[in-house]
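A closer look at the structure
Here are the chains, one letter per residue:
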Amino acid sequence: MEKIIGANLKIYFKDKKEFKEYAQTLIKEMDFIKSDSLKVYVLPDFLNIPQASEIFKNTKINIGAQDLFWEDSGPYTGAISPLLLKDFGCTLVFVGHSERRRYFNENDYILNKKVHACYRVGLIPIVLIGETEEERSYGLTDIIIEKQIRIILNNLPYDFLKNIVIMYEPVWAIGKADAATPEIIEKSFKFIRKTLLKIYDKNLSENIKVIYGGSVNPSNASEILKIKGADGLGVTRSSLNVREFVKIIRIAEKI
Ligand code: 13P
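Our subject in this report is the structure included herewith. (Residues numbered from 1 in each chain as written. Predicted model: local features only at pLDDT ≥ 70, side-chain atom pairs only at ≥ 80, totals over all residues. Heavy atoms only, no water.)

Once that is clear, we can look at the packing of helix α5 (residues 108-121) against helix α7 (residues 141-152). Where α5 contacts α7, the two axes come as close as 8 Å, and the packing angle between them is 45°. Judged by the angle between their axes, α5 and α7 are oblique. α7 is crossed by α5, and the crossing has right-handed handedness. Side by side, α5 and α7 meet where D108, Y109, L111, N112 and V115 of the first sit next to K147, Q148, I151 and I152 of the second. (Axes fitted to C-alpha atoms, helices over the stretch in contact; angles between N-to-C directions. Helix = DSSP H or I, 4+ residues; strand = E, 2+ residues; numbered from the N terminus. Parallel < 35°, antiparallel > 145°, perpendicular 65-115°, else oblique. Left-handed = near helix turned anticlockwise from the far one by under 90°. Contact = heavy atoms within 4.5 Å.)

Right, let's get into the side chain of Q66. Counting through the fold element by element, Q66 comes out in the loop between β3 (61-65) and α3 (82-87). Here the side chain of Q66 touches K10 through a polar contact of 3.1 Å, landing on its backbone oxygen. Within the local environment of Q66, its side chain forms a polar contact with the backbone oxygen of P44, the two atoms lying 3.2 Å apart. In this structure Q66 touches N8, L9, K10, L43, P44, D45 and F94, once residues within four positions along its chain are discounted. (Polar contact = N/O pair within 3.5 Å; in protein donor to acceptor, adjacent residues only side chain to side chain.)

Close contacts around the ligand come from 13 residues, with K10, H97, G175, S215 and R237 the closest. A distance of 2.6 Å separates an oxygen atom of the ligand from a polar side-chain atom of R237. About the coverage of the ligand: the protein hides 98% of its 300 Å² of free accessible area. Per-class residue counts for the shell around the ligand are 4 nonpolar, 6 polar and 3 charged. (Near = heavy atom within 4 Å. Areas by Shrake-Rupley, 256 points an atom, 1.4 Å probe, with all protein chains shown as cover. Nonpolar A, V, L, I, M, F, W, Y, C, P; charged D, E, K, R; others polar.)

Quick look at the packing of aromatic side chains now. Enumeration over the complete set of coordinates arrives at 7 aromatic pairs. Judged by centre distance (5.0 Å) and plane angle (45°), the ring pair of F69 and Y76 falls under tilted. An aromatic cluster is present here, built from F13, F19 and Y22 joined pairwise through their rings. Above the ring of F104, the side-chain terminus of R100 is found at 3.8 Å from the ring centroid. (Phe/Tyr/Trp six-rings, centres within 6.5 Å; stacked < 30°, edge-to-face > 60°. Lys NZ or Arg CZ within 6 Å of the ring centre and 35° of its normal.)

Let's shift gears to the side chain of N217. Looking at where N217 falls in the secondary structure, it is placed in the loop between β7 (209-213) and α11 (221-225). Each residue touching N217, except ones within four places of it in the same chain, is listed here: A177, D178, S238 and I248.

L26 and Y212 are the most contacted members of the largest nonpolar core, which has 71 residues in total. Ranked by the residues each element gives to this core, the list is headed by helix α12 (residues 242-254), at 6 residues. With sequence-adjacent residues up to four places away left out, L26 is seen in contact with V42, F56, I61, V242, F245 and V246. If you look at the next biggest cluster of nonpolar residues, it comprises 10 residues, including I4, I126, V165 and I211. (Core = buried A, V, L, I, M, F, W, Y, C linked by side-chain atoms within 4.5 Å. Buried < 20%, exposed > 50% of the residue type's maximum accessible area, 1.4 Å probe, protein only.)

A word on the environment of H97. Within the secondary structure, H97 sits in the loop between β4 (92-95) and α4 (98-104). Taking relative accessible area as the criterion, H97 reaches 5% and is therefore assigned buried. Note: C-alpha distance between H97 and R136 (39 residues apart in sequence) is 18 Å. Of note is the side chain of H97, whose polar atom sits 3.1 Å from the side chain of E169.

So far we have only geometry, and geometry alone does not tell us how the molecule works.
Okay, structure coming up:
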């Protein structure tokens, strides 16, 4: 089964040069990857996407965006058109990172419109779901996950949904010293697939890609990737240093 390993670079790079060096080092360090069972993606900030698409051209690294707007064009000041993301070489896009919910007031209904935009223009959404610490403390984890899946994926064609990626990223596990425990991750993975089975069918529930994000590093990557139903990892802090990111990629290659 193909494993997906991705870097969400947020806005950590402070100029074009810094990003360029990062991207060029990553290409060199990734020379070893021959396997077709690994899909590596990088999500630069929007302004570095044009140079990312030049630098990563004809390499095994896929480029994506951290967000998109739900309309293709029109009077939407400051928005990012999904059509332009495609035109600049993005194949993937995050939909619903918790930082978008927290700082930009995104909600499940907005995210549903964004997934529809992905469908329309042909981008693969990486749909982020997961509970906050407060929701977990009230025992609402499963309810939140089910609600997010039902609303965000509402009214989309089955053939499109088969190829999307779901990223379980509990909000309380982002930016911490360690990831959620393998027990917690496994339980949520199971619940996500169970919910997909309830709404769709066995085929979709078993074959859709489900990955984990939240404080992934080279020390915990292996145990997370070994969890039943784990198709990959989403990383930020440990992806900012190329060597550390490549360590995680190598771990995934071996599993
Ligand atoms: P960290 O890997 O820094 O915890 O961030 C996770 C994240 O937000 C990935 O989307």
